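So the chains spell out like this:
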Amino acid sequence: MSNDLSTIRNIGISAHIDSGKTTLTERILYYTGRIHQMHEVRGKDEVGATMDSMDLERERGITIQSAATHCDWAGHQINIIDTPGHVDFTIEVERSLRVLDGAILVLCGVAGVQSQSMTVDRQMRRYNVPRLAFVNKLDRSGANAFRVAGQLRDKLKHNAVLMQIPIGSEDRFAGVVDLVKMKAYYFEGDDGNQVVEKPIPSDLEAEAAEYREKMLDAVSMFSEELMESILEERVTEEQVVAAVREGVLSLELTPVFLGSAYKNKGVQKLLDAVTLYLPAPNEVHNKGVDLDHEEAEIEIVADPDKPLVALAFKLDDGRYGQLTYIRVY
């Protein structure tokens with residue numbers, strides 16, 4: 001674990017209830033080596049999900065408290081604050097959103113943007129949380145990634161841009177085409193833990209080219225260098241990544257990633273996106289008030305030599321007594 005702040009990501013995963021958020025968190029912990037077997041959320045195997053520790057959560061398959069856990073991926077430490085998606089627990093969500101630097105908004109590939117997605121999105125806007133979107137459950141009948149991305153634009157007014165297109169749909173959903181690398185990715189092995197890179201299937205080449213053009217068109221707004229490169233037809237992967245990151249950090253772009261957590265597809269590529277596009281703690285602007293000077297607003301800088309500033313955002317009565325979760329600024 002390095003002390004370099006640029007390799008830390010404090011993220012939340014939030015969603016409408018039943019969008020598959022807890023399953024996604026479970027898969028993330030599995031692929032990053034934090035847990036060694038996966039369990040289904042609704043406790044069919046009598047175990048329930050790792051992040052759901054209350055009996056009620058395991059029984060009903062919903063996440064109420066926001067737990068916190070961390071994992072390592074591609075040289076980055078990712079701290080995950082698990083936020084509830086159920087409307088009854090709004091105050092829990094608000095508290096966790098305050099301490100996030102970035103978030104993954106999970107949407108169901110069939111139901112798309114739902115009422116609760118709107119509530120969560122509004123809360124994220126209030127706390128200026130940069131976000132990626134993950135369209136989940138693309139293996140279900142009636143799932144349509146393009147429709148959900150359209151709803152992100154129309155209903156939530158996001159500048160949503162597909163960074164991937166699906167290979168196959170519904171029960172034939174097999175993997176994703178990465179529009180930055182222009183390669184196809186399949187998730188093989190029993191648990192989808194082998195990410196296999198292949199050329200784009202010939203029947204998808206035209207569609208991939210069309211969506212790559214749309215993606216470049218949208219992200220070039222955040223980089224003059226990329227805009228020039230597009231005109232000269234010498235676009236590099238680094239330029240695209242830098243432009244997307246710029247768009248995400250300015251809260252003016254929502255890159256959309258695809259997959260099915262339940263079917264173990266697309267999760268590793270989403271983790272790559274978290275390390276590439278979401279901000280490190282020293283890249284977000286945190287504000288505080290100075291009590292000595294009539295609560296004047298001050299910017300809090302992530303500097304280990306300055307006095308301690310921390311926010312206790314969660315109390316947990318566990319078997320070891322009361323635990324207080326704090327976010328150190």
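For the structure, check the block above.
As a starting point, this report considers the structure included with it. (Residues numbered from 1 in each chain as written. Predicted model: local features only at pLDDT ≥ 70, side-chain atom pairs only at ≥ 80, totals over all residues. Heavy atoms only, no water.)

## Quick notes on the overall build of the protein
Step number 1: When its secondary structure is counted, the protein shows 9 helices and 15 strands.
Step number 2: Taking all 329 residues of the protein together, the buried fraction comes to 54%.
Step number 3: A separation threshold of at least 6 residues defines the contact pool for the protein, and within that pool the share at least 24 residues apart is 62%.
Step number 4: Taken as a whole, the protein presents about 16,000 Å² of accessible surface, with 48% of it coming from carbon and sulfur. (Helix = DSSP H or I, 4+ residues; strand = E, 2+ residues; numbered from the N terminus. Buried < 20%, exposed > 50% of the residue type's maximum accessible area, 1.4 Å probe, protein only. Contact = heavy atoms within 4.5 Å. Areas by Shrake-Rupley, 256 points an atom, 1.4 Å probe, with all protein chains shown as cover.)

## Points about the side chain of Thr32
Step number 1: Position of Thr32 relative to the elements: it lies in the loop between helix H1 (21-31) and helix H2 (55-60).
Step number 2: A distance of 3.3 Å separates a polar atom in the side chain of Thr32 from the backbone oxygen of Leu29.
Step number 3: When sequence neighbours within four positions are dropped, the list of residues in contact with Thr32 reads Cys71, Asp72, Trp73 and Leu271. (Polar contact = N/O pair within 3.5 Å; in protein donor to acceptor, adjacent residues only side chain to side chain.)

## Considering the packing of aromatic side chains
Step number 1: With the rule as written, the count across this model stands at 3 aromatic pairs.
Step number 2: A ring pair is formed by Phe146 and Tyr211, whose centres lie 5.0 Å apart and whose planes are at 35°; its orientation type is tilted. Here the residue Phe146 occupies a position in helix H5 (residues 145-154), and Tyr211 occupies one in helix H6 (residues 205-219), the gap between them amounting to 65 residues.
Step number 3: Under the relative-accessibility criterion, Phe146 is labelled partly exposed at 26%.
Step number 4: Judged by its relative accessible area of 17%, Tyr211 is buried. (Phe/Tyr/Trp six-rings, centres within 6.5 Å; stacked < 30°, edge-to-face > 60°.)

## With respect to the environment of Val301
Step number 1: Here Val301 lies in the loop between strand E13 (296-300) and strand E14 (310-318).
Step number 2: As a C-alpha pair, Val301 and Asn282 span 19 residues in sequence and 7.2 Å in three-dimensional space.

## Some details on a nonpolar patch on the surface
Step number 1: There is a patch of nonpolar side chains on the surface, built from Leu308, Ile326 and Val328 and spanning about 320 Å² of accessible area.
Step number 2: Take Ile326: it is sitting in strand E15 (residues 321-328). (Patch = residues over 30% accessible without salt bridge, like charges linked within 9 Å, V, L, I, M, F, W, Y side chains within 5 Å. Salt bridge = Lys/Arg side-chain N within 4 Å of Asp/Glu carboxyl O.)

## Side note on unusual backbone geometry
Step number 1: Of note in the backbone geometry, Ala74 takes a positive phi value of approximately 50° without being a glycine.
Step number 2: Of note, Ala74 is situated in the loop between strand E2 (68-73) and strand E3 (76-82).

## Some thoughts on the pairing of strand E1 (residues 8-15)
Step number 1: Of all the 8 residues making up E1, 8 are buried; the element is thus mostly covered by neighbouring parts of the structure.
Step number 2: A two-sided burial pattern is seen for E1, the buried positions comprising Ile8, Asn10, Gly12 and Ser14 on one face and Arg9, Ile11, Ile13 and Ala15 on the other.
Step number 3: Across 5 bridges, E1 lies against strand E4 (residues 102-108) in parallel orientation. Its bridge partner lying in E4, Ala15 is registered against Val106. (Pairing = 2+ DSSP bridges.)

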